[in-house]
Structure formats: structure tokens, C-alpha cells
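Next come the chains, spelled out residue by residue.
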Amino acid sequence: MRRNWLRFIALTAIGALLMAGSAIAAGTAGSTLLDAKVINGEVYVKASSLTKALGGTGVYDAKANSYAYTPASQVPDVIKKVSPSVVAIIGKPTDSNSSDRYALAHGTGVVWKADGWILTNAHVVKDMTNIVVVTADGKQYEGKRTNVDETSDLALVKISATNLKPATFASVPLQLQVGETVIAIGTPVSFTLRNTATTGVLSGMNRSIASAYKLLQTDAAINPGNSGGPLVNMKGEVIGINSLKFVSSGIESLGFSIPADTVRYVVNQFFKYGRVMHPSLGLELEESWSAIVGLPTTEPLKVTSLTSDSARKANIKPGDLLYSVAGKAITSAVDLNELLKAYLPGQSIEVTLQSGGDIITRKLTLIEAK
């Protein structure tokens with residue numbers, strides 16, 4: 001494979017972001033508190049307390065007067081469960097020499113529907129031609145790019161297949177804990193390394209890293225070609241779609257995934273509207289210095305220009321300060337984008353601003369972001 005599908009974004013001091021495609025019961029320290037009772041000198045632990053603390057399942061057999069406990073899934077079990085839902089994607093970049101048969105790019109995808117709908121990253125397929133999708137059992141299918149949303153970095157590819165195994169996506173809102181074990185599955189570096197699995201922990205949540213929406217952070221190895229592949233929990237549920245990582249000398253194990261709630265939002269809009277109808281206030285906004293560098297802040301966003309008739313009619317002016325939207329404090333562009341996922345262009349929303357020293361409330365009609 002002569003070409004890896006890479007994309008770099010310069011960052012001050014910290015290096016660069018590499019798009020990883022090819023081109024919360026505590027007792028004493030170290031212990032867990034379980035519901036228990038002493039009967040005739042013996043300590044009995046409540047079964048539901050055991051399964052809640054340690055995971056797994058249990059079944060009580062009244063006839064045999066016994067309790068069968070099955071431990072939570074182990075890493076090999078999860079990989080075995082999820083791998084059939086992971087595919088590899090390969091194709092020719094549009095900017096490559098058409099006569100060079102080795103000028104290829106590749107990435108990873110996840111089966112969304114059994115009839116051939118494949119979810120991947122937008123940056124994997126947006127400039128790819130002659131798309132070929134290879135399923136976990138080695139079957140090859142011609143792929144057609146159907147929907148692309150660069151804002152979220154998600155896309156759909158359709159193949160003519162049936163009886164595929166759709167991945168199980170975690171329910172939303174996501175119930176996650178920093179430190180829990182996660183597994184990434186994908187096609188790193190070479191197409192011959194399809195369905196490679198790496199393990200790590202969920203390193204952080206609600207990260208804002210050169211993205212429109214919040215991301216999950218993990219130290220599971222994510223390399224070029226992993227883009228579009230799943231980040232799964234120990235239940236075998238997809239909690240995120242791997243998208244990018246930090247790359248620089250001295251920096252290791254900083255990968256990021258698009259969380260399942262954003263995935264569901266985008267894919268639902270793909271199927272309903274054919275595209276993601278990203279709403280906008282009709283205002284160009286500037287974040288505070290604190291928000292830009294990542295400091296905790298309550299500073300508002302500054303209006304720099306107006307892009308909708310509704311905003312102009314509301315007499316909003318450049319220099320006004322935006323404090324809240326729909327009653328929720330907004331301090332960053334990502335905060336605003338996350339809030340607006342619940343709305344569509346054409347709907348009305350209330351905003352609170354400081355204008356000329358006065359606090360004002362206005363109602364705006366949302367427009368579709370360009």
C-alpha cells in the first residue's frame with residue numbers, strides 16, 4: 001500500500017492532529033461496597049449487588065437451591081462478538097495517478113443495517129472512487145458512497161448484501177465512566193491487517209478537539225486506517241466511531257472517537273432528509289480566549305457578524321455578547337452545536353445577549369448552516 005489517507009491540522013505547541021484513516025460505590029481504597037447480611041455467622045451478599053458491581057449475570061435455580069453466576073464478557077469474547085460487524089474499506093483517491101494501481105487509500109466501517117448499510121468516517125470516503133468493502137468473512141462488495149457529512153465526519157456507504165450482522169450501538173444518553181476498558185477494531189496501516197483489535201481505557205469524555213461536536217478520548221491504539229471503525233465497551237456495544245488522534249514526537253495514546261449519540265443524530269438525519277440539516281442561529285460567533293485554550297470559563301461568545309434576516313430583524317449587532325440559548329449557558333462553539341442537535345432549521349429559539357450594556361432576550365428563527 002503506497003499511500004495512507006492522512007489529514008493533518010497544525011496545533012500550537014502540541015503538534016498535529018492526524019485523521020486516523022488511511023490517505024461514575026466506593027468503600028476503602030481498592031474495595032467495592034456490596035449489600036450483605038449476616039445469617040447464622042455467614043455473610044450473604046445480595047445477588048443483584050454482585051452483578052451491579054462486577055458485571056455479568058446470575059440465575060437462581062429454586063429446585064437445585066443454587067445460583068449460577070456468569071462473569072462479564074472478557075476481551076476475546078467482545079472481539080468475537082463485534083468483529084463480524086466490522087468491515088474494511090479500500091479505494092482510489094481522486095487526486096491519485098489513475099494509472100498507478102497501488103495508489104490506494106483505506107479505512108474501516110461498521111455495519112449499520114443488515115441489508116448493506118455501512119457507517120464510516122466522511123474523510124475516509126469523501127474523495128474515494130472505486131470503493132470496495134470487505135466483510136469480516138472475506139467477501140468483497142462494490143461500495144457506493146450515499147451520504148457524507150464533513151461537519152460530523154460521518155458517512156454512509158451502501159453495498160449489495162443481505163444478512164449482515166449490524167453492530168449494537170450503546171443506548172443514549174451514554175452511560176460511561178472514565179477508566180473503563182474499551183476496544184478499538186479496524187484496519188490499521190495496511191489492508192492486510194483487517195480486523196485488528198487494540199485495547200485501552202476510556203481516557204476522557206466531552207473533549208473538544210478541532211471538531212464541531214464533543215468527542216470521546218481513548219488510549220487504545222488508533223492508527224492510519226482505523227478511521228470509521230468502532231470503539232466498543234465490554235458489553236460489545238459501540239460507544240464511538242474512531243476518527244482522529246494526536247501525532248507528534250513525544251505524544252502517545254491520544255485517540256478520539258465520535259460518540260454514539262452524535263452518530264445516531266447524524267445517521268437518523270441521513271435516512272430522514274438525505275443530509276444533516278445543521279441548524280444555525282444566523283450569527284457568526286467568536287469564542288473567548290479562555291475557551292480557545294481550554295480554560296474553565298463562563299465568558300460568553302461575541303457576535304462578529306449576522307448571517308440571517310431573523311437576526312437582523314431582532315436588532316442584534318456585532319459586538320453583542322451571547323450568554324445563553326434556550327435557557328442554557330453557552331461558552332463555546334461546541335456547546336452551541338451540541339445544544340442545536342435538538343433543533344431543525346426553521347424552528348424558533350430564544351437567545352439572551354448583552355447589547356449596549358443591556359441584557360436582552362430575542363427569539364430567532366434558525367437557518368441551515370452553510
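Above this text you will find the structure in question.
Residues numbered from 1 in each chain as written. Predicted model: local features only at pLDDT ≥ 70, side-chain atom pairs only at ≥ 80, totals over all residues. Heavy atoms only, no water.

Q: Break down the sheet that holds strand 7 (residues 86-93) for me, citing the residues and quoting the values.
A: With antiparallel pairing, 6 strands are arranged side by side around a closed barrel as 7-8-9-12-11-10. For this sheet the average axis-to-axis angle between neighbouring strands, irrespective of direction, equals 40°. Sheet topology places strand 11 (residues 140-149) next to strand 12 (residues 154-159); 6 bridges connect them, and they run antiparallel. Considered in strand 12, the bridge of Val148 is made with Ala155. (Pairing = 2+ DSSP bridges. Helix = DSSP H or I, 4+ residues; strand = E, 2+ residues; numbered from the N terminus. Axes fitted to C-alpha atoms, helices over the stretch in contact; angles between N-to-C directions.)

Q: Got a sec to walk through a nonpolar patch on the surface? Specific residues and values, please.
A: A surface patch of nonpolar side chains, amounting to about 340 Å² of accessible area, comprises Leu34, Val38, Val43 and Val45. By the element assignment, Val43 lies in strand 4 (residues 42-45). (Patch = residues over 30% accessible without salt bridge, like charges linked within 9 Å, V, L, I, M, F, W, Y side chains within 5 Å. Areas by Shrake-Rupley, 256 points an atom, 1.4 Å probe, with all protein chains shown as cover. Salt bridge = Lys/Arg side-chain N within 4 Å of Asp/Glu carboxyl O.)

Q: Break down the nonpolar core for me, citing the residues and quoting the values.
A: Formed by 41 residues in total, the largest nonpolar core has its most connected members in Trp112, Leu119, Leu154, Phe169, Ile239, Ile241 and Val263. A per-element tally of this core places helix 4 (residues 260-273) first, with 6 residues. Ignoring anything within four residues of it in the chain, the contact list for Ile239 reads Ala170, Leu174, Leu176, Val182, Leu216, Leu231, Val232, Asn233, Ile258, Pro259 and Ala260. Grouped together as the second largest cluster of nonpolar side chains are 20 residues, Val303, Leu306, Leu322 and Leu366 included. (Core = buried A, V, L, I, M, F, W, Y, C linked by side-chain atoms within 4.5 Å. Buried < 20%, exposed > 50% of the residue type's maximum accessible area, 1.4 Å probe, protein only. Contact = heavy atoms within 4.5 Å.)

Q: I'd like a rundown of the pattern of salt bridges, residues and numbers included.
A: One side chain can pair with another of opposite charge once the charged atoms of both are near each other. Inspection of every chain in the model, using the stated rule, returns 5 salt bridges. Where Lys214 meets Asp335, a salt bridge forms, and the shortest distance between an N and an O atom there is 3.9 Å. Note that Lys214 is positioned in the loop between strand 14 (196-207) and strand 15 (215-218) and Asp335 in helix 7 (residues 333-340), a separation of 121 residues in sequence. For Arg312, the salt bridge identified is with Asp309, shortest N-O distance 3.1 Å. Linking Arg312 with Asp309, this pair stays in helix 6 (residues 309-313), spanning 3 residues, or about one helical turn. A relative accessible area of 45% places Arg312 in the partly exposed class. On the basis of relative accessible area, Asp309 is assigned to the exposed category, the value being 52%.

Q: Which residues make up helix 7, and what are the values?
A: One turn of an α-helix holds 3.6 residues; hence residues three or four places apart share an orientation. Among the residues of helix 7, Val334, Leu336, Glu338, Leu339 and Leu340 are the ones counted as buried. Buried residues along helix 7 sit against helix 4, strand 19 (279-280), strand 20 (283-286), strand 22 (321-325), strand 23 (328-329) and strand 24 (348-355).

Q: Which residues make up unusual backbone geometry, and what are the values?
A: Omega for the peptide link from Val172 to Pro173 comes to 5°, which places this bond in the cis form. Relative to the elements of secondary structure, Pro173 occurs in the loop between strand 12 and strand 13 (181-186). Phi is positive for Asn40, close to 55°, though the residue is something other than glycine. Within the secondary structure, Asn40 sits in the loop between strand 3 (36-39) and strand 4. Although it is not a glycine, Asn130 sits at a positive phi angle of roughly 50°. Within the secondary structure layout, Asn130 lies in strand 10 (residues 128-134). Relative accessible area serves as the criterion here: at 57%, Asn130 is assigned to the exposed category.

Q: Residue-level account of the environment of Gly255, with values.
A: When you line up the elements, Gly255 lands in strand 18 (residues 255-259). Gly255 sits 38 residues away from Gln217 along the chain, and the two C-alpha atoms are 5.7 Å apart. Not counting chain neighbours up to four residues away, the residues in contact with Gly255 comprise Leu216, Gln217, Thr218, Ile222, Leu244 and Lys245.

Q: Can you break down the packing of aromatic side chains residue by residue, with the values?
A: Under the criterion given, the structure shown has 4 aromatic pairs. Summarising the aromatic geometry, the rings of Trp117 and Phe271 are spaced 5.0 Å apart at their centres and angled 80° between planes, so their arrangement reads as edge-to-face. Taken together, the residues Trp117 in strand 9 (residues 117-120) and Phe271 in helix 4 connect sequence positions 154 residues apart. The exposure class of Trp117 is buried, given its relative accessible area of 18%. Ring plane angle 80° and centroid distance 5.5 Å describe the contact between Phe246 and Phe256, whose orientation is recorded as edge-to-face. Of this pair, Phe246 sits in strand 17 (residues 238-247) while Phe256 sits in strand 18, and the two are 10 residues apart along the sequence. Residue classification places Phe246 among the buried positions, given a relative accessible area of 8%. Above the plane of the ring of Phe271 lies Lys113, whose end atom (NZ or CZ) is 4.3 Å from the centre. Residue placement shows Lys341 over the ring face of Tyr213; its charged tip is 5.3 Å from the ring centre. (Phe/Tyr/Trp six-rings, centres within 6.5 Å; stacked < 30°, edge-to-face > 60°. Lys NZ or Arg CZ within 6 Å of the ring centre and 35° of its normal.)

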